[in-house]
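Survey of secondary and tertiary structure
These are the residues of each chain, in order.
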Amino acid sequence: MAVTDRSPSDLDPSAALIAAALALPGVLSSNAHAQSAPDQGVIALRYYDYRDWQPGASRMSVRSPLLYAFVPLSDAWTVEGSVLHDTMSGASPLYHDTLSGASGLGITDYRSAADAKVTHYFGGQSIAVAGAYSTERDYESRAASIEWKTWSDDRNRTYALGFGATRDRIDSVNGIAKHRHRETYDFLAGITQVLRADAVVESTMTWSQGRGYYDDPYKLLDARPDHRRIFAWLTRYNQYVPAMDATLRIAYRYLDDSFGDRSHMLEAAWVQPLANGFTVTPSLRYLTQSAASFYRDPPFPQGFVAGEPFTADTRLSAFGAVTAGIRVAKAIGADVTVDVAFNLYRQRGDWRAGGNGSPGLAEFSARWFEVGFEKRF
Amino acid sequence: MPIALTGPSRVALVVTTCVAAVTGCATYDPPKAWEKGDLARPSMRFDADPLATKATEHIYQSKEGAAGGGGIGGGGCGCN
């Protein structure tokens, strides 16, 4: 194929984009060429600095370096994987925590995680097999998944089906949960559709079915059902705006949890290229969720009945949450990008839409900085 | 040009129409291969930055009631 005989940097910008488009999986017609794997490798590093707080009290701090690599092995095979290490310190949110609230002890923990995925491309289809492992002082998780994709002849539509299984082991440091387990099975079905030369939409449904230990052993009297089903429907839409050389990215997710909480999430981002290789991306996210059926409002332990599900975990309360973020990226040459980002997150009971928020919640805020480096080869 | 709708096509069109209606962009004109230059931009890809997506999703997973929709097989954590 003549257009790939030259590197993208040899071409004018529009020709380079067309060459990149033709190289994307799912773009080139299968009548002209068998489906082949992406031929550009990526290595990326990111560093997160996270902190959250409530009025008058600093809560958790987390620092996380992450590493990701994507390596094409041949026309038909790719491998990718990531590793991370979180270091956590501080205290959980106010109300009812046996480590921070009642005992006055703080929390220090870590999380190390790794995952790997191998993808095989053949005849307009791909199959990916993946594994993941993570470990904490009191938690261990193993996961495996398989995902199949196929492309329409014109490469404007992609179907995806997936299945995953996760087995977790919980050994809380306070001895309340010893060798407890949880198994979760996930199913995925998705469609990606190119609508026009400047718009693409993706819609993905996931079903999660779990059984085992769901209590939070660090929260007093916490008792949750031993099974959980979660249905999530995420739809994303990207629109290129030629007049501004920008991209509008919109996402909406509906989530239904058998614990009783339901949520709606709407997110929008505007990706604006600037001069000298800079790109700025402001973003806004809003989530509104109802409370789990067994969440009880303060004062603790109001509503507790022995033998029945009960939680005072404010993550399962009714609230609204807003995230405002901004990312600035700089392209260095054709193959390197560095970026920095800042996000501010806030949860409030009275920000819930479509119903009342849970009363008596202290406002919860978080912020995180990100620094990233990406090299393509 | 009329479009012949098979079962999966119908599903795709419903999803497409819903999103297009919400965004006020209710047109459907799939491009030819040589018209896809803008679609190749990193900003138009859903998986352009898997590392940032994964880390950010983990933050939300640890602070909100439930998570899902973004994918499968990522494994659990003791954060929720």
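Note that the structure is a prediction, hence the values are computed from the model and not measured.

Glancing now at the overall build of chain A. Helix and strand counts for chain A come out as two helices and 16 strands. When burial is assessed residue by residue, chain A has 38% of its 377 residues classed as buried.

This next bit is on the overall build of chain B. Along its length, chain B carries two helices and zero strands. Sorting the 80 residues of chain B into buried and exposed places 40% on the buried side.

Below, the discussion takes up the interface of chain B and chain A. For interface size, the figure often reported is the accessible area lost on association. Contacts between the two partners involve 47 residues from chain B and, on the opposite side, 88 residues from chain A. Secondary structure elements with two or more residues in the side of chain B that touches chain A: α1 (7–23) and α2 (50–63) of chain B. No other element matches the eight residues that α1 of chain B contributes to the side of chain B that touches chain A. Taken together, the residues that form the side of chain B that touches chain A break down as 24 nonpolar, 15 polar and eight charged.

So, on to the pairing of strand β3 (residues 77–90) of chain A. Residue and element names in this part refer to chain A. Bridge count for strand β2 (residues 57–72) against β3 is ten bridges, and the pairing is antiparallel. Across the sheet, V62 pairs through a bridge with M88, a residue of β3. Counted between consecutive antiparallel strands, the loop separating β2 from β3 contains four residues. Where β3 meets strand β4 (residues 107–122), 14 bridges bridge the pair, whose relative direction is antiparallel. Counterpart to E80 in the pairing with β4 is K117.

Moving on, we get to the pairing of strand β5 (residues 125–136) of chain A. All names here are of chain A. With twelve bridges joining them, β4 and β5 adopt antiparallel strand pairing. Paired with S112 across the bridge in β5 is T135. Linking two consecutive strands that pair antiparallel, namely β4 and β5, is a turn of two residues; a positive phi of about 45 degrees is found at G123 within it. As paired strands, β5 and strand β6 (residues 139–151) are joined by twelve bridges and run antiparallel to one another. For A132, the partnering residue across the bridge sits in β6 and is A143. Between the end of β5 and the start of β6, which pair antiparallel, lie two residues.

By size, the foremost hydrophobic cluster in this structure holds 30 residues, and its most contacted members are Y50 of chain A together with L51 and A55 of chain B. Listed by contribution, the elements that provide at least two residues to this core are β1 (42–54), β2, β5, β14 (319–332) and β16 (364–376) of chain A together with α2 of chain B.

On to the confidence of the model for chain B, then. Residues and elements named next belong to chain B. Of the residues in chain B, 66% reach a pLDDT of 70 or more, and the chain-wide mean stands at 76. In the predicted structure, residues 1–5 sits below a pLDDT of 50 and forms two contacts with residues beyond four places in sequence or in another chain. Both scores are given for the predicted complex: the pTM is 0.86, the ipTM 0.88.

This next bit is on α2 of chain B. Quick reminder: α-helices carry 3.6 residues per turn. Residues three or four places apart thus point the same way. Compared with an ideal rise of 1.5 Å per residue, which puts 14 residues at 20 Å, α2 of chain B spans 20 Å between its outermost C-alpha atoms and is within 8% of the ideal. Three or more residues of α2 of chain B are buried, namely L51, A52, A55, T56, H58, I59 and K63 of chain B. Along the long axis of α2 of chain B, the arc covered by the buried residues comes to 150 degrees, so they all point the same way. Taken together, the buried residues of α2 of chain B touch β1, β2, β3 and β16 of chain A.

Another point: the environment of T150 of chain A. Residue and element names in this part refer to chain A. With respect to the helices and strands, the residue T150 is situated in strand β6. The exposure class assigned to T150 is partly exposed, which follows from the 16 C-beta atoms found within 10 Å. Not counting residues within four places of it along the chain, the set of residues in contact with T150 comprises G124, Q125 and Y159.

Take the environment of A69 of chain A next. Residue and element names in this part refer to chain A. Mapped onto the elements of the fold, A69 is located in strand β2. A69 sits in the partly exposed class, given 17 other C-beta atoms within 10 Å. For the pair formed by A69 and A116, sequence separation is 47 residues and the distance between their alpha carbons is 9.5 Å. Not counting residues up to four positions away in its chain, the partners in contact with A69 are V42, I43, E80 and G81.

Attention now goes to the confidence of the model for chain A. Residues and elements named next belong to chain A. Mean pLDDT over chain A: 88, with 87% of residues reaching 70 or higher. Note on residues 1–19: pLDDT under 50 across the span, and 19 contacts to partners over four residues away in sequence or across chains. Here residues 21–34 is a poorly scored stretch, pLDDT under 50, and it has 34 contacts once near neighbours within four places are set aside; other chains count.

Glycine aside, a negative phi is what most residues show, and trans is what most peptide bonds show. Residues and elements named next belong to chain A. For the bond from P298 to P299, the omega torsion is 5 degrees, close enough to zero to count as cis. Turning to its location among the elements, P299 is positioned in the loop between β13 (278–289) and β14. Across the junction of F300 and P301, the peptide omega takes the value 0 degrees, indicating a cis bond. In this structure, P301 sits in the loop between β13 and β14.

The rules behind each value
Residues numbered from 1 in each chain as written. Chains lettered and ligands numbered in written order. Predicted model: local features only at pLDDT ≥ 70, side-chain atom pairs only at ≥ 80, totals over all residues. Helix = DSSP H or I, 4+ residues; strand = E, 2+ residues; numbered from the N terminus. Buried ≥ 20, exposed ≤ 12 C-beta atoms within 10 Å, placed from the backbone. Contact = placed C-beta atoms within 7 Å. Nonpolar A, V, L, I, M, F, W, Y, C, P; charged D, E, K, R; others polar. Pairing = 2+ DSSP bridges. Core = buried A, V, L, I, M, F, W, Y, C linked by C-beta atoms within 7 Å. pLDDT = per-residue confidence, 0-100. Expected span 1.5 Å × (residues − 1). Arc of directions from axis to C-beta.

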